[in-house]
Amino acid sequence: QVQLVDSGGGLVQTGGSLRLSCAASGRSFNLYTMAWFRQAPGKEREFVAAHGWSGGSTLYSDSVKGRFTISRDNAKNTVYLQMSSLKPEDTAIYYCAAKYGIQSAARASLYDSWGQGTQVTVSS
């Protein structure tokens, strides 16, 4: 496991943009697949995006494809989620997640490291 600290959430208007960051501790960050999930009140946690270890694939949920971009800076042990064209239905707590040695995956149970979550609220 690796310790994760996610940040960057806030209140934005519909159509606005926001960038989330997730800083990871430990070694061999480049060998971890990183992902973002979100959870709205009363809803189950859902997959948003994932980025495999260096040279790996990316994966997006249909609801965010074309609007969100996941990226990583291995030198800084950080993964980002750039969110554009935000909608009220994007409102949720966003969590970053990590798993050593796997490719991009959408199933939450595959990840064993999680950030504390950062709130994103999109006003209508």
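The shown structure was predicted, so the numbers you read here are calculated from the model rather than taken from an experiment.

**Here's the deal with the packing of aromatic side chains**
Given two aromatic rings, one states the distance between the centres and the angle between the planes to describe the pair.
Here is step 1: Scanning all chains against the criterion turns up five aromatic pairs.
Here is step 2: For the pair Tyr 32 and Tyr 100, a centre-to-centre distance of 5.2 Å together with 75° between the ring planes defines the contact as edge-to-face. Placement of Tyr 32 in strand β4 (residues 32-39) and of Tyr 100 in strand β9 (residues 92-100) is noted, with a sequence separation of 68 residues between them.
Here is step 3: Each ring, one from Tyr 111 and one from Trp 114, has its centre 6.5 Å from the other, and the planes form 70°; the classification is edge-to-face.
Here is step 4: Judged by its relative accessible area of 5%, Tyr 111 falls in the buried class.
Here is step 5: Residue Trp 114 is classed as partly exposed on the basis of its relative accessible area, which comes to 28%.

**Digging into unusual backbone geometry**
As a rule of thumb, non-glycine residues mostly have phi less than zero, and peptide bonds are mostly trans rather than cis.
Here is step 1: In this structure, Ser 28 is a non-glycine residue whose phi angle is positive, near 60°.
Here is step 2: Residue position: Ser 28 is located in the loop between β3 (18-24) and β4.
Here is step 3: What makes Ser 28 partly exposed here is its relative accessible area of 35%.
Here is step 4: The backbone of Asn 77 sits at a positive phi, close to 50°, despite the residue not being glycine.
Here is step 5: Assignment of secondary structure puts Asn 77 in the loop between β7 (68-73) and β8 (78-83).

What counts, and at which threshold
Residues numbered from 1 in each chain as written. Predicted model: local features only at pLDDT ≥ 70, side-chain atom pairs only at ≥ 80, totals over all residues. Heavy atoms only, no water. Phe/Tyr/Trp six-rings, centres within 6.5 Å; stacked < 30°, edge-to-face > 60°. Helix = DSSP H or I, 4+ residues; strand = E, 2+ residues; numbered from the N terminus. Buried < 20%, exposed > 50% of the residue type's maximum accessible area, 1.4 Å probe, protein only.

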